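# Results of the structural survey
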Amino acid sequence: MSQFLNYEQEGHIVTLTMNDPERRNALTGNSAVPEFLAAIDRIHADHSVRAVILTGSGSAFSSGGNVRDMGRYSAMPGMELRREYRLGIQKLPLALFNLEVPVVAAVNGAAIGAGLDLACMCDIRVAAEDAKFAESFVKLGIIPGDGGAWLLPRIIGLSRATELTLTGQTIDARQALEWNLVSRVVTADQLLPTAREIAGAIAANPPHAVRLAKRLLREALHTRLDTLLEMSAAFQVMSHQTADHQEAVSAFVEKRKPEFRG
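Residues numbered from 1 in each chain as written. Predicted model: local features only at pLDDT ≥ 70, side-chain atom pairs only at ≥ 80, totals over all residues. Heavy atoms only, no water.

## Focus: the pattern of salt bridges
What counts, and what does not: Counted as salt bridges are all cases of a side-chain nitrogen of Lys or Arg within 4 Å of a carboxyl oxygen of Asp or Glu. Secondary structure follows DSSP: runs of H or I at least 4 residues long count as helices, runs of E at least 2 residues long count as strands, and numbering of each begins at the N terminus. Only protein chains enter the accessibility calculation, which uses a 1.4 Å probe; a residue is then buried when its area is under 20% of its type maximum, exposed when over 50%, and partly exposed in between.
Applying the stated rule across the entire model yields 10 salt bridges. In this structure, the salt-bridge partner of arginine 211 is glutamate 100, at a minimum N-O distance of 3.5 Å. Within this pair, whereas arginine 211 is found in helix α9 (residues 207-219), its partner glutamate 100 is found in the loop between α3 (91-97) and β5 (103-107), the two being separated by 111 residues in sequence. Residue classification places arginine 211 among the buried positions, given a relative accessible area of 10%. Since its relative accessible area comes to 31%, glutamate 100 is described here as partly exposed. A salt bridge links arginine 256 to glutamate 247, with the shortest nitrogen-to-oxygen separation between them at 2.7 Å. Members of the salt-bridge network, linked through shared partners, are Asp123, Lys214 and Arg218.

## Points about the nonpolar core
Test applied: Here, nonpolar core means buried Ala, Val, Leu, Ile, Met, Phe, Trp, Tyr and Cys residues that are tied together by side-chain atoms lying within 4.5 Å of each other.
Core analysis: the largest hydrophobic core is formed by 51 residues, its most contacted members being Leu118 and Phe133. Of all the elements, helix α1 (residues 32-45) adds the most residues to this core, at seven residues. In this structure, Ile53, Ala195, Ala199 and Ala203 belong to the second largest nonpolar core, which totals 15 residues.

## Here's the deal with the environment of glutamine 190
The residue glutamine 190 is located in the loop between β10 (184-186) and α8 (191-203) in this model. On the basis of relative accessible area, glutamine 190 is assigned to the partly exposed category, the value being 37%. Along the backbone, glutamine 190 and proline 206 are 16 residues apart, and their C-alpha atoms lie at a distance of 27 Å.

## Points about the sheet that holds strand β4 (residues 60-62)
Worth spelling out the cut-off: Pairing between two strands requires that DSSP report at least two bridges joining them. Lines fitted to the C-alpha atoms define the axes, with helices restricted to the stretch that makes contact. Angles between their N-to-C directions range from 0 to 180 degrees. In what follows, residue pairs with any heavy atoms lying within 4.5 Å of each other are defined as contacts.
A sheet is described by the order of its strands in space; here four strands give the open sequence β4-β6-β8-β9, paired in mixed fashion. Only two strands of the sheet have a single neighbouring strand rather than two, namely β4 and β9 (170-172). On average, each strand axis in the sheet is inclined to that of its neighbour by 20°, with strand direction left out of account. Sheet topology places strand β6 (residues 110-112) next to strand β8 (residues 132-134); three bridges connect them, and they run parallel. In the sheet register, alanine 111 faces β8, and the bridge partner there is phenylalanine 133. Its contacts with the sheet place helix α4 (residues 114-121) against β4, β6 and β8, and it is angled at close to 100° to β6.

## Focus on a nonpolar patch on the surface
Rules: What goes into a patch is any residue over 30% in relative accessible area without a salt bridge, connected to like charges within 9 Å or, for nonpolar side chains (Val, Leu, Ile, Met, Phe, Trp, Tyr), within 5 Å. Under the convention used here, a 1.4 Å probe and the Shrake-Rupley method define accessible areas, while residue burial counts only the protein chains that appear.
A cluster of nonpolar side chains, namely Val67, Leu140 and Ile142, defines an oily patch on the protein surface of about 240 Å² accessible area. Mapped onto the elements, leucine 140 comes out in the loop between β8 and α5 (148-156). Its relative accessible area of 45% is what places leucine 140 among the partly exposed residues.

## Here's the deal with the layout of surface pockets
For clarity, the threshold we go by: Think of a 1 Å grid over the protein atoms and nothing else: a 1.4 Å probe that fits but is trapped marks a cavity, an open set flanked by protein within 12 Å on at least five of seven lines marks a pocket, and residues with an atom within 4 Å of a point count as lining. Grid points are joined across faces, edges and corners, and a volume is the space filled by probe spheres set on the points. Put simply, Ala, Val, Leu, Ile, Met, Phe, Trp, Tyr, Cys and Pro go in the nonpolar bin, Asp, Glu, Lys and Arg in the charged bin, and everything else, Gly too, in the polar bin.
One number sums up the size of the largest pocket: a volume of about 640 Å³. Elements that contribute at least two residues to the lining of the largest pocket include exactly α1 and α2 (78-87). With three residues, the top contributor of residues to the lining of the largest pocket is α2. Here the residues of the lining of the largest pocket are counted per class, giving 15 nonpolar, 12 polar and three charged. For the second largest pocket, the calculated volume is near 400 Å³.

## Description of the sheet that holds strand β7 (residues 124-128)
Taken in spatial order, the six strands line up as β1-β2-β3-β5-β7-β10 in an open sheet, and their pairing is mixed. One side of each edge strand has no neighbouring strand; the edge strands of this open sheet are β1 (5-10) and β10. Ignoring strand direction, the axes of neighbouring strands in this sheet form an average angle of 20°. Here β7 pairs with β10 via three bridges, running parallel. In the sheet register, alanine 127 faces β10, and the bridge partner there is valine 185.

## Notes on the environment of tryptophan 150
The residue tryptophan 150 is located in helix α5 in this model. The class of tryptophan 150 is partly exposed, set by a relative accessible area of 32%. In this structure the C-alpha to C-alpha distance between tryptophan 150 and alanine 110, which are 40 residues apart in sequence, comes to 21 Å. Ignoring sequence-local partners within four residues, the contact set of tryptophan 150 consists of Phe97, Leu221 and His222.

Rendered as structure tokens:
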């Protein structure tokens, strides 16, 4: 089986490219999940990484689950199938959610089913003009089994998430922008340059502050305000005591470009 995920690092930015264009970068029936988990572990261990770009090769970002592989699920014992979900695709949203380094999804084409949910697992989404999005599980008589029902409403709101989930309809990039599913829509040739521009702007900042800020944003999705404020106070104490904060203040006073070392 060929490698599914290409891992490339340039400076402080890692680009992950799903590389199975013949199967439209499907996420099941192959080594996609373990390769994603290995890449995330590698990023965790490498403190030189400050931002990640995720994209797909070929005409699709990701077609989601491999429909041709689904036939075997109906014949599997229920608890065995539950275990396959829990130890397979469901590990991916947890791993990406807990990754401290920000991830920019460069959606180069169709993001369907689990492919849409994968984009939603990222922190920022940029789409090419010909990208398409669908939470299409219902069309196959199944439900979002990979966290989509938690992720999508928090990004576009419950009403629109419900509409996408229960109709299975496909929306284009412009509608995705209108619904705040993506933050930018650009021409195909500007997709990766735009993602790199965003990732570069993130990577230029003090990495400790970026990581802690991402953690606060993630925790804010399900935490009370008073609890988040307590966490913010603790994180702020940590931030004030970093060398990068001191460098930022010194550079501001001295009117020069700061050099952040992490």
